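Working through the structure, step by step
Here is what each chain is made of, one letter per residue.
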Amino acid sequence: MGGLDVLLRFYGLARSALIYHGNPLKRRRARAFYRQFVRPGDLCFDIGAHLGDRTGHFLALGARVVAVEPQPGALAVLRGLYGRNPRVAIIAAAAGAAPGEAELRVDPTNPTVASLSPEWRALISRSPRFSGIRWRESCRVAVTTLDAIIAAHGVPAFCKIDVEGFEAEVLMGLTQPIPALSFEYIPAAPAAAATALERLAALGVYRFNRSLGESMRFVGSDWRRAEAMAKELAGLAADAGSGDVYARLVTAR
């Protein structure tokens, strides 16, 4: 690895650390927000943990955490922050529909948009919001499933999924409903979120809400059915900001 590559990787991780760990007001707001889903003693999954900001929030609320992350640089940070914490299990893998291996594409200056989905990358690359992204590095990573993680650790009270266009594949690796979860949506690549909604609807009766960006505030006061949330997401402009869909289980299928 050349000196420039090392510098770019350091810059990318430092940028992520500043965004996700550098604002104490944001930390307090996030923990107040997640308190509605997480109680002391609960188990949480952080799928696509990156540098572990959500892991930190869940720990602060008294939860146990399984953090799943495939990027070597991010894994090193996760292990430095939480590797000795008895309430954290770190899995060096991606999550997907079936166990195995896959190619992860990475922009070293923007490691938050590392992705396993070539279709998602093709769509996102057309968006002006992502015009600076260059997935110029790749690595083979292990892939596990939510079912396998549940078999090893138990059913989570809350599961956060942030995997850059691979959300539907992650949920395809789940064959039982879980009480609450979130997954990212990006209007420039709407198919991933639409398919994720369909998969959750097949597992159970859920109600949905969404938040914009890192606001940690719901857009609506009411929790909608899958069909209503799908219509809402489909109506967003392609250049609208990204966010997260939140799901609460009403009844299992």
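Here's what I pulled together on the structure shown here. Predicted, not measured: the structure shown is a model, and the values here were computed from it. (Residues numbered from 1 in each chain as written. Predicted model: local features only at pLDDT ≥ 70, side-chain atom pairs only at ≥ 80, totals over all residues. Heavy atoms only, no water.)

**Re the side chain of Asp-53**
Along the chain, Asp-53 turns up in helix H3 (residues 53-60). Judged by relative accessible area, Asp-53 falls into the buried class, the value being 7%. A distance of 2.6 Å separates the side chain of Asp-53 from the side chain of Arg-54, its partner in a polar contact. (Helix = DSSP H or I, 4+ residues; strand = E, 2+ residues; numbered from the N terminus. Buried < 20%, exposed > 50% of the residue type's maximum accessible area, 1.4 Å probe, protein only. Polar contact = N/O pair within 3.5 Å; in protein donor to acceptor, adjacent residues only side chain to side chain.)

**So, helix H4 (residues 72-82)**
Those residues of H4 lying buried are Ala-74, Leu-75, Leu-78 and Tyr-82. Taken around the axis of H4, the buried residues stretch over an arc of 100°, which confines them to a single face. Counted as exposed and oriented over 90 degrees from the buried face of H4: Pro-72, Ala-76 and Gly-80. (Arc of directions from axis to C-beta.)

**Remarks on the packing of aromatic side chains**
Across all of its chains, the model carries 15 aromatic pairs by this definition. The interplanar angle of 75° and the centroid separation of 5.2 Å between the aromatic rings of Phe-33 and Tyr-246 together place this pair among those described as edge-to-face. Here the residue Phe-33 occupies a position in helix H2 (residues 24-34), and Tyr-246 occupies one in strand E10 (residues 243-252), the gap between them amounting to 213 residues. On the basis of relative accessibility, which here comes to 6%, the residue Phe-33 falls in the buried class. (Phe/Tyr/Trp six-rings, centres within 6.5 Å; stacked < 30°, edge-to-face > 60°.)

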